[in-house]
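The residues making up each chain are set out below.
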Amino acid sequence: MLKIFNVLSICCLLFFFQSIISQDLSAIQYRELGPYRGGRVTTVAGVASEPSTYYFGATGGGVWKTEDYGTTWNNISDGFFKTPSIGSIAVAQDDPNIIYVGTGTDGYRSNLIEGKGMLKSIDAGETWTEIGLANVGQIGAVRIDPRDHNTVYVAAIGRAFSANPERGIYKTTDGGKTWDQILFVSEETGISDIEFSPDNPEIMYAAAWKAQRKPWTIISGGSLKEGGIYKSIDAGKSWTKIEAGIPQNLIGKIDLEVCKADKNLVYALIEAPEDEGGLYISNNSGESFEFVSSDKGIRTRPFYYTNITIDPKDPDKIYAMATGYFRSLDRGKTWSKLSVPHGDNHDMWINPTNPDLFIQANDGGVNITHNGGKSWSTQYNQPTSEVYQVAVDNQYPYWVYAGQQDNYSTIAVPSMAPYGHQLPGQGFIINTGGCETGPAIPHPTNPDIVYSNCKGRFTVYNKKTGTEQSFYVGATNMYGHNPKDLKYRFQRVSPIHLSPHNPKVIYHTSQYVHKTTNEGKTWEIISPDLTAFEADKQVISGSPITRDITGEEFYSTIYAIKESPLQEGLIWVGANDGPIHLTQDGGKNWTNVTPKNLPPGGRVDAVEPSPHNPAKAYASVLLYQLGDRKPYIYKTEDFGKSWELISKGNNGIPEDYPVRVIREDSEKEGLLFAGTEYGVFMSINDGIQWIPLQNNMPVTPITDIQIHRNDLVLSTMGRGFWVLDDINTLRQLTSYKIENTRLFKPNSSIRYRYPSGAKNSTMPVYPRPTVSIDFSITKELESPILIEIFNSKNELINRFTTDSTAIKKPEDTRNMSTEFMDEPLWYDLKKGKSLYRFSWDMKTKGPWNTKEEDKFKNGALVPPGRYVIKLTIDEKSYEEEFEILIDPRVISQGINQETLDSQYAFLLEVKSLLDEVLSYQLELEKELEVLNESEKKSDLKKAKPLENNLKLIKTKEGIYEQPMLADQIKYLYNMNNGADQEIGKDAKDRFIDLKQRFQQIKSN
């Protein structure tokens, strides 16, 4: 398998050799960019006996665990779960090693990710096993019998986008080996919740919910026959429908709670029409209910929320979660709003022994309180953000932009550390206008200007002033409208596209294509309605109970637009209700080019004009919101007259992996990248065959892909942004298998320095300066590998060779007297056949040192120029030329090639002097060791001047001792090796002085 390895200024390579297998490209790894404010979380759990331990399940980010009250969170589902969508987590309180997880969130949004059954851990989340129910769809609740953790009940809501017979309640008595469906209502009605009586788990209550999602509406609820509350007193063998006291006509989503302090009290938060909806309480173990409160705050958007929790010791204290977070102290009669780090609240778990200690979940992640909600742990340590798309700017390093789910602004994060930062571990995040849906599209030449969107509202954001100008098309608030009545239908996620031919031309889409050349001050419509606009889909969203119209359900809008980079005025568009259109004359004439074999009604998520052939284009279409989970990627090579389906379900992308985005590489024709619901795929032969390009990327939906400066930049619906650095080797592949030993041609690389004060970061991962050198080996090695790097004068700059030595990597250490950071030295070797990535840090060898662990560290950064990499494997050599480019930021500071050449030459001179001094020091130490062991007086006399010389060169052991000659030279070297700069006069004079001192010492 392929692994990345980084090489510092050392004389050995770090290899991670394993057996090569077909279609394995894991030597090229993704980096996580954040952002680190959490995303939507709909389920949480805790451990009563371990009060610092909690779990949360994100809607697209998997399962996470903390053991320190939320100070740090770690993912525990990656590598085990086939879906990142989590519906419910249950921990066996008598044995916290036992955890059950049901996948598939219960918040029925249009962009929800489908569940894939149940998983179980017997080691507190270290490992997981699939235990069935893969076809039930979304899971609303998992409950463990407190007497026997092998007995578990699962509430299956069902598939969100289609009816299915697997809805209902399931029970296992053997820890998930077998399951029985013990309650079934209908193929359209599932079970959203199950609760035990606190004194007898054979007494159970269940909430039935008729629910289905359509692209144009949300169906939540039905007749009392189709939903409501059920009770069992025999562990699910039989069920009784409870009807007394609850709404008798229409009934929707229900959340149940049984009071732990009083088994007779059963609470139900019920979706129902008008004032029938709200909180109901039974005082007689569910025999009948009484209406308590219709407070509007506790029942907003019930299909999305509907959550209550009861204090385990106080039956009067009730928490309700919806858009706001509410608490009642009088058993639901009155409510007050609580402050929480983020809105849109979904779940909470209260420690039964300390009700002031609990975890709460919302659209911003999770937060833990020790004092009943007066203060909370941070949400800025959870990389589970949901981002809708990705755009990049032209600055260096480039920043990445998108709309982030439930954020008040679109956001941007850097691809590399832009400057020093005093709070490592959270990365950088800035606001860029618009709101959660995005997109945010930076100006092509001025990254201070960002064109942003908020649910169809176009704005121009200025980073320098922090303000945004608003130029909404139509200037009409669309909320609450029937789409058929709107002049302009903007989807919640409405595209903004900048022409690749003219930076003044901006496209924005409703059902029409709108064009501006003055940043939105005036708009021109350049198309007719390019959607299907079927009359039966133009409805008030939300039925039969709750009206819900946020633009997310506007079904006949243009969802994707892109102009050909080769031909101005050649524009492809796709609608969220199926049609694809093309204009070749800038919008004067449009042609419907929808593939004839494309099933109707799908969301055209991406259109991709080829950067190599104007007649060629690709389109990816989502039909999973209509119950069709097949992958749909189409290709045309004749301007849409004919199309070929290149994702057949049997040529690499699985048949149940819906595709969200398709991109063609800008450099190599036919090199394709597809973002699916469960990861990344690649084709090197224009879609004939696909292979996974998942590598270290967690399973999560890929919402968008951009290819920028040889990097693959991705956005995800649950794990933020990721980047695959340097895809140049992928462009050189001619086969999916590693067939021969070869050296791939490296890309040109920008020479840059890691910002001073920007600590090593794993959240996010910021790269050190590197040139990626990729090579393959297809035979067993007979001798060490040798890598040599030469400059344009054929002078050896550095060489690296494999070695069997393995030294434990030391921690970074700081010299307190100089403030210079010493870099760690490490190397390792594991032999085998594979593809490798060697990351050269652009440095020559550092100074020699008497200490083995410090040898050759902290080398000088080589100047820009042309270099040659020479790879020698078993006496056969391979060579490739590459270029190191000057950092554009230092050019603006007045630094040029001559400056960098002079600085490099000076550092080599200082290094040479330091090498000579340290070598002399070692000679003195060895000679003194021999003389001091001698008993001859003459030898002791010889030792005296040598000891004096050693004292002048070597600093005495201890704290803040006076630095002697070797350390003074090292000080001068480090002083001039931290930034691109001219060498100051004092430094030059000091070097002459130190060189003369050394000559004087040697002459003593």
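The coordinates are above.
Overview of the structure. The shown structure was predicted, so the numbers you read here are calculated from the model rather than taken from an experiment.

A few words now on the overall build of the protein chain. The number of helices and strands found in the protein chain is 6 helices and 70 strands. For the protein chain, the C-alpha radius of gyration of 32 Å lies close to 30 Å, the compact-globule estimate for 1004 residues. When its C-alpha atoms are laid out on the principal axes, the protein chain stretches across 110 × 75 × 55 Å. Considering the protein chain as a whole, with its 1004 residues, one finds that 60% of them fall into the buried category.

Think of a ball as big as a water molecule: rolled over the atoms, this probe shows where empty space is left. Applying the stated criterion across every chain, the model contains 2 cavities of 30 Å³ or more. Empty space within the second largest cavity amounts to approximately 30 Å³. Around the second largest cavity sit I218, S220, E271, F303, G542, S543 and T546, which together line it. Across the lining of the second largest cavity, the residue classes tally to 2 nonpolar, 4 polar and 1 charged.

Taken as a whole and judged by the stated rule, the model has 1 disulfide. Disulfide pairing places C435 opposite C454 at an S-S distance of 2.0 Å. Residues C435 and C454 share a disulfide whose torsion about the S-S bond is about 90°; that sign makes it right-handed. With a gap of 19 residues between them, C435 in the loop between β36 (430-431) and β37 (440-442) and C454 in strand β38 (residues 449-454) connect regions that are remote in the sequence. Since its relative accessible area comes to 10%, C454 is described here as buried.

One open sheet holds the 4 strands; their spatial order is β46-β47-β48-β49, and the pairing between them is antiparallel. Lying at the two open borders of the sheet, with one neighbouring strand each, are β46 (558-563) and β49 (591-592). With 5 bridges joining them, β46 and strand β47 (residues 571-575) adopt antiparallel strand pairing. Each residue of the ladder has a partner; that of I558, found in β47, is A575.

Mapping K237 onto the fold places it in the loop between β19 (228-232) and β20 (240-242). Looking at K237, the relative accessible area reads 74%, which means it is exposed. A sequence separation of 642 residues divides K237 from E879, and the C-alpha atoms of the two residues are 74 Å apart.

Below, the discussion takes up the sheet that holds strand β42 (residues 506-509). With antiparallel pairing, the 4 strands of this open sheet are ordered in space as β41-β42-β43-β44. Taken across any chain shown, the strands that pair with only one partner, and hence form the sheet edges, are β41 (496-498) and β44 (524-525). Sheet analysis places β41 next to β42, joined by 3 bridges and oriented antiparallel. Considered in β42, the bridge of L498 is made with I506.

This part takes up the side chain of D665. Locating D665 in the fold gives a position in the loop between β54 (659-664) and β55 (672-676). On the basis of relative accessible area, D665 is assigned to the buried category, the value being 0%. Polar contacts involving the side chain of D665 include one to the side chain of R731, which spans 2.8 Å. Discounting chain neighbours no more than four positions away, the residues touching D665 are P611, H612, L671, F673, I707, I727 and R731.

All right, on to the nonpolar core then. Counting 52 residues, the largest nonpolar core has F775, W840 and I953 as the members making the most contacts within it. Among the elements that take part in this core, helix α3 (residues 897-933) stands out by supplying 12 residues, more than any other. In this view, W840 contacts P769, T770, V771, I773, I789, I797, N798, F800, V862, F882 and I884; residues no more than four positions away in its chain are not counted. Ranked by size, the runner-up nonpolar core spans 27 residues in total, among them L25, A606, F673 and L730.

Burial along strand β27 (residues 318-321) is two-sided: the face carrying I318 and A320 and the face carrying Y319 and M321 are both buried. Across 4 bridges, the pairing between strand β26 (residues 307-310) and β27 is antiparallel. Paired with I310 across the strands is I318, a residue of β27. Pairing analysis gives 4 bridges linking β27 to strand β28 (residues 325-328), with the strands arranged antiparallel. The residue of β28 that forms the bridge with I318 is S328. With antiparallel pairing between neighbouring strands as the criterion, β27 and β28 make up a hairpin whose turn holds 3 residues.

So, how was this worked out
- Residues numbered from 1 in each chain as written.
- Predicted model: local features only at pLDDT ≥ 70, side-chain atom pairs only at ≥ 80, totals over all residues.
- Heavy atoms only, no water.
- Helix = DSSP H or I, 4+ residues; strand = E, 2+ residues; numbered from the N terminus.
- Rg over C-alpha atoms; globule rule 2.2 N^0.38 Å.
- Buried < 20%, exposed > 50% of the residue type's maximum accessible area, 1.4 Å probe, protein only.
- 1 Å grid on protein atoms, 1.4 Å probe; cavity = no way out; pocket = protein on both sides within 12 Å on 5 of 7 lines; lining within 4 Å.
- Points joined across faces, edges and corners; volume = space filled by probe spheres on them.
- Nonpolar A, V, L, I, M, F, W, Y, C, P; charged D, E, K, R; others polar.
- Disulfide = S-S within 2.5 Å.
- Pairing = 2+ DSSP bridges.
- Polar contact = N/O pair within 3.5 Å; in protein donor to acceptor, adjacent residues only side chain to side chain.
- Contact = heavy atoms within 4.5 Å.
- Core = buried A, V, L, I, M, F, W, Y, C linked by side-chain atoms within 4.5 Å.

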